[in-house]
Amino acid sequence: MMLQIKNLHVKVNGKQILNGLNLSVNKGEVHALMGPNGAGKSTLAKVLAGHPLYEITDGEIWFKGQNLLELQPEERAALGLFMSFQYPVEIAGVSNQQFLFLALNAQRKKRGEAVLSEAEFERLLSEKMALMDMRAEFKSRAINEGFSGGEKKRNEILQMALFNPDLAVLDETDSGLDIDAMRVVAGGVNKMRRGDNGLLVITHYQRLLEYVKPDFVHVLVEGKIVRTGGSELALELEAKGYAE
Amino acid sequence: MQNKAHERFLELKGSGVWPELATPGAAAKPASGLVFVDGFFRPELSVVPDGLVCMPVEKALSSYGVFLHNRWNKQLPETDLYTAANLAFSRGAFVYVPPSVRASLRIVHVHTGANLASPRLQLTVGKNSVLNLVQVDNGLSNGVIDAALEAGSRLELLDSSATTFSLTATLKQDSELKALHTTRGGSRFSAKVQLLEENSSALVRALGILDGNSTAEVHTLIEHIAPHCRSRQHIKTALHGTSRSRFEGKILVRPEAQKTEAYQLNNNLLLSDTAIARTQPNLEIFADDVKASHGATVAQLQDEELFYLRSRGLKSEEAKRLLTEGFCRELIDEVHDDALRQQLVEAMHAVAR
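Residues numbered from 1 in each chain as written. Chains lettered and ligands numbered in written order. Predicted model: local features only at pLDDT ≥ 70, side-chain atom pairs only at ≥ 80, totals over all residues. Heavy atoms only, no water.

1. Side note on the confidence of the model for chain B
All names here are of chain B. Averaged over every residue, the pLDDT of chain B is 89; the share at 70 or more is 90%. Predicted confidence for residues 16-29 stays below pLDDT 50, and this span has 28 contacts to residues more than four positions away or in other chains. ipTM for the predicted complex: 0.96, alongside a pTM of 0.85. (pLDDT = per-residue confidence, 0-100. Contact = heavy atoms within 4.5 Å.)

What follows is the structure, given as structure tokens:
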């Protein structure tokens, strides 16, 4: 089992958000997590990535045999966990290329892999950018600064393609995308699938799931998974809504 | 006194403080540069590029006396304590760049003791001339550069003064001033710029990287007197330890200065809980058709930014370093002096912890 979440309880700013969440993801599986606003979907994504603001009051998370909650965010990344942000942060003065070069090499170093030279990295980056239909200027631009909503999400999936994680958590990657941008993003997601990596797609709508077909769909309500089904569940939710 | 200065001068030759001297085969004098010893201009140690007129201010009084007295009389009543003290105690240099000349000049300050020096450069950049000026002063000084920019001229000044440095400048039609002051603490930088004639423009920037208990002050007064002029100020300071910074800046737009564009921005990055940044931006506008703005920020590294970088694999300290670099980068990239830029990069890495 790649990811196992047991009885997870999480508080943020004193407010209980997750109330005993259980979820397991095996190699090669695509899971979709759906639910109404405020159900705790993004909280789960942040907790998995290691955001320091979230307080784990009970439960466990195991990833590739390691206790995830004991690891720093950067250690989780090096271990093969990637989270695509719902709202990617803009950072002035640091070029996208410099950032990705440092980040990828930091991960490789931590894993004991050979560090890429700038030339090797640039080749890899160009290849992945072509995949995401991104213009070369995005290399030299500051991280996400002045990017449109769609460009930011593309930049997230570009990072996923570059880091080649074992488990990718996509937090509302489809929100704010028009249909063309969504196709590119979904195409990028599908191209990075290796058969042995897992995907947790957090989404509000089933739109993205038409392109990235889930093996399981979970419904999260008030911090707990209340229902699990196959991909047909997403269609049912789309038609009937989350209300029982 | 004379011998001591010479000894110190020769000592510096191999020390790298003065890059022109460190190159093999360099003469006892720099490739080109004005030398001040303890604040006094030393023409016999200086090398002036071809085409420039340079002499001690005392000497210039005989041929340029009317011009100089005019300038001092005009400025003195309004000037501050620092520039007045400098004028009283200085034995400065007078430099005149004749029309349509391009030149680069380095100002080298040598200190033989711990006494306060009062170096002064009285500068006129002639019509359509361009002067690149670099000044590094690591000693205790109350220095002044007073620059008159004639029509169509351009002055680029890069200054790294460790103590007090005041720049005063007057700009005639189509002239352009670009000044950048850098500091690692202990300094007081003041810039008073008067845009006297149409279509002149001034860019005043300062970058401070402070650590320990160091302090830095920046004072600006940009006075728009003629219409259709532009000015921009960008003051950035990164602070660690218990360091303190102070910025007090004013844009003054006179009633005649219509179509002025004037901007002022002060950004401070606090890297410790004990550093303090004070900022006092001011706008005084007496014309009605003006584009002007001022802004000031005092911020710490943002948790969300740090988390974003860490979630991509960077350690906490690497993330801090990248964000601090991101803050300083735009001004460090403007430091076109390798030795000085290297010092600032090292200071930047040291505060990013």
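Having seen the model, we can carry on.
2. A few points about the interface of chain B and chain A
With 18 residues of chain B in contact, the opposing surface of chain A contributes 31 residues. Both sides together, the interface formed by chain B and chain A hides about 1,900 Å², and carbon and sulfur atoms give 66% of it. For chain B, the biggest contributors to the area lost against chain A are Phe307(B), Tyr308(B) and Arg312(B); these three give 41% of the whole. At the boundary of chain B and chain A, one finds two salt bridges. For Glu74(A), the salt bridge goes to Arg310(B), with nearest N and O atoms at 2.9 Å. Counting across the chain B and chain A interface gives ten residue pairs in polar contact (both at pLDDT 80 or more). Here the residues of the side of chain B that touches chain A sort into six nonpolar, four polar and eight charged. (Buried area = accessible area lost by both parts, 1.4 Å probe. Salt bridge = Lys/Arg side-chain N within 4 Å of Asp/Glu carboxyl O. Polar contact = N/O pair within 3.5 Å; in protein donor to acceptor, adjacent residues only side chain to side chain. Nonpolar A, V, L, I, M, F, W, Y, C, P; charged D, E, K, R; others polar.)

3. What about the sheet that holds strand β12 (residues 187-195) of chain B?
All names here are of chain B. Strand order in this open sheet of nine strands is β3-β4-β6-β8-β10-β12-β14-β16-β18, and the pairing throughout is mixed. Here the strands that pair on one side only, and so sit at the sheet edges, are β3 (53-56) and β18 (276-285). If you compare each strand with its neighbour and ignore which way they point, the axes differ by 10° on average. In the sheet, strand β10 (residues 164-171) pairs with β12 via eight bridges, with the strands oriented parallel. Bridge pairing links Phe 165 to Phe 189 in β12. Relative to the sheet, helix α4 (residues 81-89) contacts β6 (120-125), β8 (142-149), β10 and β12, its axis offset from that of β8 by approximately 95°. (Pairing = 2+ DSSP bridges. Helix = DSSP H or I, 4+ residues; strand = E, 2+ residues; numbered from the N terminus. Axes fitted to C-alpha atoms, helices over the stretch in contact; angles between N-to-C directions.)

4. Quick notes on the pattern of salt bridges
Here the structure, examined in full by the defined rule, presents 35 salt bridges over all chains. The residue Arg188(B) makes a salt bridge to Glu217(B) at a minimum N-O spacing of 3.9 Å. Note that Arg188(B) is positioned in strand β12 and Glu217(B) in strand β14 (residues 215-224), a separation of 29 residues in sequence. With a relative accessible area of 13%, Arg188(B) lands in the buried category. Across the pair Asp289(B) and Lys259(B) runs a salt bridge, and its minimum N-O distance is 2.8 Å. With Asp289(B) in the loop between β18 and β19 (290-300) and Lys259(B) in the loop between β16 (244-253) and β17 (260-270), this pair connects stretches of sequence that are 30 residues apart. Asp289(B) sits in the partly exposed class, given a relative accessible area of 34%. Of the residues examined, Lys259(B) reaches a relative accessible area of 46% and is grouped as partly exposed. Through salt bridges with shared partners, one network takes in Lys64(A), Asp166(A), Arg194(A) and Asp196(A). (Buried < 20%, exposed > 50% of the residue type's maximum accessible area, 1.4 Å probe, protein only.)

5. Considering the packing of helix α3 (residues 96-110) of chain A against helix α6 (residues 316-332) of chain B
The contact between α3(A) and α6(B) brings their axes to 12 Å, and the two run at 170°. Taken as axis vectors, α3(A) and α6(B) run roughly antiparallel relative to one another. Seen from α3(A), the contacting residues are Gln98(A), Phe99(A), Leu102(A) and Ala106(A); seen from α6(B), they are Glu318(B), Leu322(B) and Glu325(B). (Parallel < 35°, antiparallel > 145°, perpendicular 65-115°, else oblique.)

6. Structural notes on the packing of aromatic side chains
On inspection of all chains with the given rule, the structure shows ten aromatic pairs over all chains. By the ring-pair criterion, three or more aromatic residues cluster together here, those being Phe85(A), Phe99(A), Phe307(B) and Tyr308(B). Over the ring of Phe327(B) we find Lys236(B); its NZ or CZ atom is 4.5 Å from the centre of that ring. (Phe/Tyr/Trp six-rings, centres within 6.5 Å; stacked < 30°, edge-to-face > 60°. Lys NZ or Arg CZ within 6 Å of the ring centre and 35° of its normal.)

7. With respect to the sheet that holds strand β5 (residues 66-67) of chain A
Residue and element names in this part refer to chain A. Pairing within the open sheet is antiparallel, and its four strands lie in the order β2-β1-β4-β5. Looking at the sheet topology across the chains shown, the edges are occupied by β2 (15-25) and β5. As defined by bridge partners, strand β1 (residues 3-12) adjoins β2 across eight bridges and the pair is classed as antiparallel. Across the sheet, residue Ile 5 finds its bridge partner in β2, namely Leu 23. The strands touched by helix α1 (residues 41-49) within the sheet are β1, β2 and β4 (55-63), with β1 carrying the most contacts at an inclination of about 110°.

8. A closer look at unusual backbone geometry
Trans peptide bonds make up most of the peptide bonds, and negative phi angles are found at most residues other than glycine. We note that Asn7(A) has phi near 50°; this positive angle belongs to a residue other than glycine. Relative to the assigned elements, Asn7(A) resides in strand β1. Residue classification places Asn7(A) among the partly exposed positions, given a relative accessible area of 34%. Despite not being glycine, Asp38(B) has its phi angle at roughly 50°, a positive value. Following the sequence through the fold, Asp38(B) ends up in the loop between β1 (34-37) and β2 (40-41). Classification of Asp38(B) by relative accessible area gives buried; the value is 16%.

9. Examining the side chain of His109(B)
Residues and elements named next belong to chain B. Locating His 109 in the fold gives a position in strand β5 (residues 102-110). Given the relative accessible area of 9%, His 109 is considered buried. For His 109, the contacting residues outside a window of four places in its chain are Phe 36, Pro 119, Gln 135, Val 136 and Asp 137.

10. Things to note about the environment of Asn266(B)
All names here are of chain B. Assignment of secondary structure puts Asn 266 in strand β17. Judged by relative accessible area, Asn 266 falls into the buried class, the value being 1%. When neighbours within four sequence positions are excluded, Asn 266 is seen to be in contact with Ile 235, Phe 247, Thr 279, Gly 295, Ala 296 and Thr 297. A distance of 2.7 Å separates the side chain of Asn 266 from the side chain of Thr 279, its partner in a polar contact.

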